[in-house]
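# Summary of the model geometry
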Amino acid sequence: MATEAHEERRRYERVAIEAKGRFLAPDGTEHQCTLRDMSLGGLGISSDYEAQPGDRVIIYLDNFGRFEGNIVRTFEGGFAIETVINGPRRERIQERLASYARGEGDAATSRRTFQRYAAGEAGVDTRSMLQIDGAQPIECRIIDMSLGGAQVEIQDRPPIGTPVMLGRMKGRIVRHTEEGIGIQFIDVPEHASALSKPFG
């Protein structure tokens, strides 16, 4: 049963997003909060409020609007809720999540839109070395990449926000996928020719 629940949660990619907001607790009090990650199935919220699993909250997030759902887990400094998004709004949220995952969301409006390539198409070896949060580098497979980031196939999925090195490129994990992780680069190359070198 626990495995089924875990697989259900992993059906949706979680993307690191920061947005200010507020929420209504079950007792009618209003509290400030900050969005930390989002998927089509739920939200991760940072808040000092002492949340309880099962509580139903209504959340208003700047630039995202209203969400409602039950708290499914708590952690130090916040909680997570499950929510249901339907209709045209679901498509809009899905597009925005994909944009944030590529580093093209509201938090990176000054960054150009980068075309993504399969590793072979860009003339880059699909094999590379991935260093997670300063640990020993491990071999990985690059699924696709752009000048702004890459999608990498690995078995373990470290937390969103974890710093990484892919070859010689510094970045951070911004989403989880079925195959592994999505990485957003911190130091973006200036020219497309840089794609031929950074992954080592």
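That block above? That's the structure.
Now for a look at the structure at hand. In this numbering scheme, every chain counts its residues from 1 along its sequence in written order. Where totals are concerned, whole chains, interfaces and linings use all residues; where local detail is concerned, this predicted model gives features only for residues with pLDDT of at least 70, and gives and counts side-chain atom pairs only at 80 or more. The basis for every side-chain value is the complete set of non-hydrogen atoms in the structure, without hydrogens or water.

### Some points on the overall build of the chain
Here is the rule we go by: Numbering of helices and strands runs from the N terminus, with a helix taken as a DSSP run of H or I at least four residues long and a strand as a DSSP run of E at least two residues long. Residue exposure (1.4 Å probe, protein chains only): buried if accessible area is under 20% of the type maximum, exposed if over 50%, otherwise partly exposed. Residue contacts are counted whenever heavy atoms from the two residues lie within 4.5 Å of one another. Surface accessibility follows the Shrake-Rupley procedure with a 1.4 Å probe radius. Residue values consider only the protein chains on display as shielding.
A count of helices and strands for the chain gives 2 helices and 13 strands. The buried share of the chain, taken over its 200 residues, is 43%. Counted over contacts in the chain with a minimum sequence separation of 6, partners at least 24 positions apart contribute 50%. For the chain, the computed accessible surface area is about 11300 Å², with 45% contributed by carbon and sulfur atoms.

### Description of the packing of aromatic side chains
Formally: Ring geometry is summarised as follows: Phe, Tyr and Trp rings, the Trp one being its six-membered ring, pair when their centres sit within 6.5 Å, and such pairs are stacked at plane angles under 30 degrees, edge-to-face over 60 and tilted between the two.
All chains considered together, the criterion is met by 3 aromatic pairs. Pairing Phe23 with Tyr49 gives two aromatic rings, centres 5.4 Å apart and planes at 70°, and the pair type is edge-to-face. On the criterion of sequence distance, the pair formed by Phe23 in strand β1 (residues 15-24) and Tyr49 in the loop between β3 (42-46) and β4 (56-61) is long-range, its members being 26 residues apart. A ring pair is formed by Phe23 and Phe79, whose centres lie 5.4 Å apart and whose planes are at 80°; its orientation type is edge-to-face. With a gap of 56 residues between them, Phe23 in strand β1 and Phe79 in strand β6 (residues 78-83) connect regions that are remote in the sequence. Of the residues examined, Phe23 reaches a relative accessible area of 0% and is grouped as buried. Grouping aromatic residues by their ring pairs yields a cluster made of Phe23, Tyr49 and Phe79.

### A look at the nonpolar core
Under the convention used in this document: The set of buried Ala, Val, Leu, Ile, Met, Phe, Trp, Tyr and Cys residues whose side-chain atoms join them within 4.5 Å is what this entry labels a nonpolar core.
Counting 25 residues, the largest nonpolar core has Met38, Leu43, Ile59, Phe64 and Phe79 as the members making the most contacts within it. Put simply, the parts of the chain that give this core at least two residues each are β1, β2 (30-39), β3, β4, β5 (65-75), β6 and α2 (87-101). Those residues within four positions of Ile59 in sequence are excluded, and the remaining contacts are Arg22, Phe23, Cys33, Leu43, Ile45, Gly65, Arg66, Phe67, Phe79 and Ile81.

### What to know about the side chain of Ser47
Note the cut-off: N or O atoms closer than or at 3.5 Å make up a polar contact, with two conditions inside protein: a donor-capable atom paired with an acceptor-capable one, and, for residues adjacent in sequence, both atoms drawn from side chains.
Positionally, Ser47 belongs in the loop between β3 and β4. Accessibility expressed as a relative area gives 8% for Ser47, which makes it buried. Only 3.0 Å separates the side chain of Ser47 from the backbone nitrogen of Tyr49, close enough to count as a polar contact.

### Topic: the pairing of strand β10 (residues 149-153)
Note the threshold: Strand pairing is assigned whenever DSSP identifies at least 2 bridges connecting the two strands.
Along β10, 4 of the 5 residues are buried, which leaves the element largely enclosed by surrounding structure. If you look at the hairpin formed by strand β9 (residues 138-145) and β10, you'll find 3 residues sitting between the two strands. The pairing of β10 with strand β13 (residues 180-185) spans 5 bridges and is classified as antiparallel. By the bridge assignment for β13, Gly149 is matched with Gln184.

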